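Reading the structure
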Amino acid sequence: MTTTTDSAVLPASPSLSVLAAAIATHGTGRDDDIALPKLPGFVESAFSPLAYEVAARCLTACPGDGDRTAVALVSLAGDTTTADLASSRMVSGRVHNPLLFMQATANSVLGHMSREFGITGQMFSLSTLADPLTELLSMADLLLEDPELERVLVLGVELGGGERVAAVHRELAAEYAEYSGRPVLPALPASAGLAAAVLLGRPGDSGASQVPVRPTTTTTGQLGSIQTLFELAAIHTETTETREPHTHAHQ
């Protein structure tokens, strides 16, 4: 997972087209929380099921050529649930479970998506202290300069966590002083998670709404929070999917 602290300086296009969008929450107390679907090879954590759920909704709502699709997934701390579980098992002397390999979770779920939807374009997993939405829009803008690509799926996953996750946030805030004024404590309950995805195309795609590549609002929320991505996806979700429950993961 590549870590960035500032948005890259890229040639800007005025906007990108929003082809589809999806949001999903679990364990947050919201009325629209979902029950996690089972995902083969992934255990305990909400990270991969949530990532797959929002990606599947977008890719199902707007099918396309997997050879001409790229994907970028962002998460500041990654799969904190699996990291905590693996650590607690290790310090208690229990036998290590090879499925609890949190370092590979993001790339593993991207690989699962690529197989299920035939995606052979570029795939990236990112971590950033800056605004993830700005990072993802900039990356999508850059990727779509490649004439071989038609669209980019951007998605983010954010999990709650305990004291271990809070300590990581405090350490990051201390290391990067320019962010020290931002909240450092996870805003979600320990077992909760939220995810958002937006399928983007080049500006002016027929029938699609547009989103600026460089949002004009300043992010003042939690370090690395996907809240702005979540809000953007929520705005566009009603136009790209029905209100009926979605379950795309294989049982």
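Because the structure is predicted, anything quoted here is derived from the model rather than measured. (Residues numbered from 1 in each chain as written. Predicted model: local features only at pLDDT ≥ 70, side-chain atom pairs only at ≥ 80, totals over all residues. Heavy atoms only, no water.)

1. A word on the overall build of the protein chain
So the rule is basically this: Each helix is a run of H or I in the DSSP string that is no shorter than four residues. Each strand is a run of E no shorter than two, and both are numbered from the N terminus. In this scheme, a residue with accessible area under 20% of its type's maximum is buried, one over 50% is exposed, and one in between is partly exposed, where area comes from a 1.4 Å probe on protein chains only. Residue contacts follow a heavy-atom distance rule, with two residues in contact if any of their heavy atoms lie within 4.5 Å. Computed by Shrake-Rupley with a 1.4 Å probe, the accessible areas treat only the displayed protein chains as cover when residues are assessed.
Along its length, the protein chain carries six helices and seven strands. Scanning the protein chain from its N terminus toward the C terminus, one meets helices and strands in the order β-β-α-β-α-α-β-α-β-α-β-β-α. Counting the 251 residues in the protein chain, one finds 49% classified as buried. Long-range pairs, those at least 24 residues apart, make up 85% of the contacts in the protein chain with a sequence separation of at least 6. Surface exposure of the protein chain reaches about 11,600 Å², of which carbon and sulfur atoms provide 55%.

2. A few points about the nonpolar core
Counted only if it meets this: Residues enter a nonpolar core if they are buried and are Ala, Val, Leu, Ile, Met, Phe, Trp, Tyr or Cys, with the set joined through side-chain atoms within 4.5 Å.
Leu-16, Val-198 and Leu-200 are the most contacted members of the largest nonpolar core, which totals 31 residues. Elements with a contribution of two residues or more to this core: strand S2 (15–26), strand S3 (69–74), helix H4 (132–143), strand S5 (151–159), strand S6 (193–201) and helix H6 (227–237). Setting aside residues up to four positions removed in sequence, Leu-200 forms contacts with Leu-16, Ser-17, Val-18, Leu-19, Leu-137, Ala-140, Leu-144, Glu-150, Arg-151, Val-152, Val-154 and Val-211. By size, the runner-up hydrophobic cluster in this structure holds 29 residues, among which are Ala-46, Ala-106, Leu-155 and Leu-159.

3. Observations regarding helix H1 (residues 47–61)
The criterion, for reference: A helix's residues, less one, multiplied by 1.5 Å, set its expected span.
Under the 1.5 Å per step criterion, the end-to-end length of H1 is 22 Å for 15 residues, consistent within 8% with the ideal 21 Å. When you tally the buried positions in H1, you get 13 out of 15 residues, the bulk of the element.

4. Points about the pattern of salt bridges
What counts here: The term salt bridge refers to a pairing of a side-chain nitrogen on Lys or Arg with a carboxyl oxygen on Asp or Glu at a separation within 4 Å.
One pass over the structure, following the stated rule, counts four salt bridges. A salt bridge links Glu-53 to Arg-57; the nearest nitrogen and oxygen atoms lie 3.1 Å apart. On the criterion of helical spacing, the pair formed by Glu-53 and Arg-57 is a turn pair, its members being four residues apart in helix H1. Taken individually, Glu-53 and Arg-57 each receive the classification buried, so the pair is uniform in this respect.

5. A look at the packing of aromatic side chains
Just so we agree on the cut-off: When two rings of Phe, Tyr or Trp (its six-membered ring) have centres within 6.5 Å they constitute a pair, described as stacked for plane angles under 30 degrees, edge-to-face for angles over 60, and tilted for the intermediate range.
Evaluated as defined, the whole model comprises one aromatic pair. Relative to Phe-117, the ring of Tyr-52 has its centre 6.0 Å away and its plane inclined at 35 degrees; by these criteria the two rings are tilted. Residue Tyr-52 is located in helix H1, and its partner Phe-117 is located in helix H3 (residues 105–117); the two are separated by 65 residues in the primary sequence. On the accessibility criterion, Tyr-52 (2% relative accessible area) is buried.

6. Digging into the pairing of S6
For a regular strand, side chains alternate in direction, first toward one face of the sheet and then toward the other. Going by this rule: Strand pairing is assigned whenever DSSP identifies at least 2 bridges connecting the two strands.
The buried fraction of S6 is high, at nine of nine residues. Of the two faces of S6, the one lined by Gly-193, Ala-195, Ala-197, Leu-199 and Gly-201 and the one lined by Leu-194, Ala-196, Val-198 and Leu-200 are each fully buried. Bridge analysis of S2 against S6 gives nine bridges, and the strand direction is antiparallel. When the sheet's bridge partners are listed, Ala-22 is paired in S6 with Ala-197. Judged from the nine bridges that link them, S5 and S6 form a sheet pairing that is antiparallel. Its bridge partner lying in S6, Val-157 is registered against Ala-195.

7. With respect to the confidence of the model for the protein chain
Here is the rule: pLDDT gives the predictor's per-residue confidence on a scale running from 0 to 100.
Confidence in the prediction of the protein chain, expressed as mean pLDDT, is 78, and 70% of residues score 70 or more. In the model of the protein chain, strand S1 (residues 2–4) stands out as the element of lowest mean pLDDT, 48, in contrast to S3, which has the highest, 96. Across residues 3–12, where pLDDT falls below 50, the model places 24 contacts with residues more than four positions away in sequence or in other chains. Note that residues 241–247 has pLDDT below 50 and, in this model, nine contacts with residues that lie over four places away or in other chains.

8. Quick word on the pairing of S5
When you tally the buried positions in S5, you get nine out of nine residues, the bulk of the element. Where burial is concerned, the two faces of S5 agree: the one with Arg-151, Leu-153, Leu-155, Val-157 and Leu-159 and the one with Val-152, Val-154, Gly-156 and Glu-158 are both buried. As paired strands, S3 and S5 are joined by six bridges and run parallel to one another. Across the sheet, the residue bridging to Val-74 is Gly-156, located in S5.

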